[in-house]
Amino acid sequence: MGLSSDNVHGLILAVSSSIFIGSSFIIKKKGLKKAGTTGVRAGSGGHTYLYEPLWWAGMISMILGEIANFAAYAFAPAILVTPLGALSIIVSAVLAHFVLEEKLHIFGVLGCVLCMVGSTGIVLNAPQESPIHSVKEVWHHATQPGFIVYTVFILFLIGILIFYFVPRYGKTHLIVYVGICSLMGSLTVMSVKAVGIALKLTFSGSNQFKAYETWVFAVILTVCCLFQINYLNKALDTFNTAVVSPVYYVMFTIFTILASVIMYKDYESQNASQIVTELCGFVTILAGTFLLHKTRDMGNDPPKEPIFQSPQVSEAPSSPLPISRR
């Protein structure tokens, strides 16, 4: 299935976004570590990082990446744009290896390759999105019973995580902070796509900012972004960057694709072969991120003793005992 011109534009913007966002993780982590030496760490509820220029440089990089994401979602379906976030994992892992000295093991390199292969499979089989002529059409999708049920369920889960799990397990279990970011992120992407479409249509001569739906999506987008930034900062300051990036990507992608399928019904225009190929590509990306996650510290670990150590190794270089006395 060939890529349409809109999908090509979305692809280029998504790749650019991944580069900016992947770099932002490293720059922000450097800023958070520097700010933590002079005040209360973000993981402990502090906000001294707001006075750190390096953290703001990371934020600018992330903002540029998100702007590219805005435009990408306006041109291409979420099933194409979101999985390409795997490229930001590769950028983050490689930069963490050289800048933060968080060593990347050889299996981590293999994980990066798997992410690239999976992303290629998804790009080549991405669905062609049906044209949308106004924000009111997006609003119609968002107010369907299926997506309303999904939204209520997501907000319920976020509430449980914030009020029950964060005070008890936030600093010891990565899944808590990243779970909040990922769940909220699926709603953010749907709002991003709506606002992106509104801007695209407005620049084309059809002003969508006269419709109240555009402003509702903009408010939802702002609230969701603030939540994500807050809890992402906590996750980055508390846990290893090489862990945060892939886990966040996997959870964020799963929930975003699920939200897109429910809201836009992306798969209706695809045949079974294309759907299976996309799923295989996504599973390949998951395998790559799993490798990056499991091997994150292997490059820093000292060589381990063999499981079956030879009994001939002893403190004194004496002759081996006779077999009968071993």
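Rules behind the numbers
- Residues numbered from 1 in each chain as written.
- Predicted model: local features only at pLDDT ≥ 70, side-chain atom pairs only at ≥ 80, totals over all residues.
- Heavy atoms only, no water.
- Helix = DSSP H or I, 4+ residues; strand = E, 2+ residues; numbered from the N terminus.
- Buried < 20%, exposed > 50% of the residue type's maximum accessible area, 1.4 Å probe, protein only.
- Contact = heavy atoms within 4.5 Å.
- Axes fitted to C-alpha atoms, helices over the stretch in contact; angles between N-to-C directions.
- Parallel < 35°, antiparallel > 145°, perpendicular 65-115°, else oblique.
- Left-handed = near helix turned anticlockwise from the far one by under 90°.
- pLDDT = per-residue confidence, 0-100.
- Salt bridge = Lys/Arg side-chain N within 4 Å of Asp/Glu carboxyl O.
- Expected span 1.5 Å × (residues − 1).
- Phe/Tyr/Trp six-rings, centres within 6.5 Å; stacked < 30°, edge-to-face > 60°.
- Lys NZ or Arg CZ within 6 Å of the ring centre and 35° of its normal.
- Core = buried A, V, L, I, M, F, W, Y, C linked by side-chain atoms within 4.5 Å.
- Polar contact = N/O pair within 3.5 Å; in protein donor to acceptor, adjacent residues only side chain to side chain.
- Bend = angle between axes of the 7 residues up to and from the residue.

**Looking at the overall build of the chain**
Working step 1: Scanning the chain from terminus to terminus reveals eleven helices and zero strands.
Working step 2: When the elements of the chain are put in sequence order from the N terminus, they spell out α-α-α-α-α-α-α-α-α-α-α.
Working step 3: Across the 326 residues in the chain, those meeting the buried criterion constitute 46%.
Working step 4: For the chain, contacts bridging at least 24 residues in sequence account for 83% of all contacts bridging at least 6.

**Side note on the packing of helix α4 (residues 86-98) against helix α5 (residues 106-124)**
How two helices sit against one another is set out by the angle between their axes and by the gap between those axes.
Working step 1: Put simply, α4 and α5 touch, their axes get as near as 9 Å, and they point 160 degrees apart. Put simply, α4 runs roughly antiparallel to α5. The crossing of α4 and α5 is left-handed. Facing A86, L87 and I90 of α4, the residues of α5 in contact are C112, C115, M116 and S119.

**Here we look at the confidence of the model for the chain**
Working step 1: Summarising the model, the chain shows a mean pLDDT of 80, and 86% of its residues fall at 70 or more.
Working step 2: Note that residues 303-326 has pLDDT below 50 and, in this model, three contacts with residues that lie over four places away or in other chains.

**What about the pattern of salt bridges?**
Working step 1: The full count for this structure, using the stated rule, is two salt bridges.
Working step 2: Note that K34 is salt-bridged to E52, the shortest N-O span being 3.9 Å. Of this pair, K34 sits in helix α1 (residues 5-36) while E52 sits in the loop between α1 and α2 (53-75), placing them 18 residues apart in sequence.
Working step 3: Of the residues examined, E52 reaches a relative accessible area of 10% and is grouped as buried.
Working step 4: Residue K136 is joined to E213 by a salt bridge in which the shortest nitrogen-to-oxygen separation is 3.3 Å. Here the residue K136 occupies a position in helix α6 (residues 135-142), and E213 occupies one in helix α9 (residues 212-238), the gap between them amounting to 77 residues.

**Considerations on helix α7 (residues 145-169)**
Working step 1: Under the 1.5 Å per step criterion, the end-to-end length of α7 is 34 Å for 25 residues, consistent within 8% with the ideal 36 Å.
Working step 2: The complete set of buried residues in α7 reads F147, Y150, T151, I154, I158, L161, I162 and V166.

**Some points on the packing of aromatic side chains**
Working step 1: For the coordinates displayed, the defined rule picks out ten aromatic pairs.
Working step 2: For the pair W55 and W56, a centre-to-centre distance of 4.9 Å together with 85 degrees between the ring planes defines the contact as edge-to-face.
Working step 3: Overall, W55 belongs to the buried group, its relative accessible area being 3%.
Working step 4: In this structure, K193 is placed above the aromatic ring of Y264, and the distance from its NZ or CZ to the ring centre is 5.7 Å.

**Details of the nonpolar core**
Working step 1: Core analysis: the biggest nonpolar cluster contains 63 residues, and V138, F147 and L174 have the highest contact counts within it.
Working step 2: Breaking this core down by element, the ones donating at least two residues are α1, α2, α3 (78-81), α6, α7, α8 (174-203), α9 and α10 (241-264).
Working step 3: If one sorts the elements of this core by residue count, α8 sits on top with 17 residues.
Working step 4: Look past the residues within four positions of L174 in its chain and what remains in contact with it is A235, F239, V243, V244 and V247.
Working step 5: Counting residues in hydrophobic clusters, the runner-up holds 15 residues, among them A93, I122, V250 and L292.

**Quick notes on the side chain of S18**
Working step 1: Checked against the element boundaries, S18 lands in helix α1.
Working step 2: In this structure the side chain of S18 is engaged in a polar contact, spanning 2.9 Å, whose partner is the backbone oxygen of L84.
Working step 3: Ignoring sequence-local partners within four residues, the contact set of S18 consists of L84, G85, L87, S88 and V91.

**A look at α8**
Working step 1: Counted at 1.5 Å a residue, the expected span for α8 with its 30 residues is 44 Å, and the 41 Å between its end C-alpha atoms agrees.
Working step 2: Largest kink in α8: about 30 degrees, centred on G185.
Working step 3: In terms of burial, α8 is a largely internal element, 25 of the 30 residues being buried.
Working step 4: Two residues or fewer past α8, G205 is found with a positive phi of approximately 110 degrees.

**Focus: the packing of α1 against α4**
Working step 1: Contact geometry for α1 and α4: axes closest at 7 Å, N-to-C directions at 35 degrees. The handedness of the crossing between α1 and α4 is right-handed. Where α1 abuts α4, its residues V15, S18, I19, I21, G22, S23, F25 and I26 lie against L87, S88, V91, S92, L95 and A96.

**Some thoughts on the side chain of S17**
Working step 1: Within the fold, S17 resides in helix α1.
Working step 2: What makes S17 buried here is its relative accessible area of 2%.
Working step 3: Those residues in contact with S17, other than ones at most four positions away along the chain, are G65, A68 and N69.

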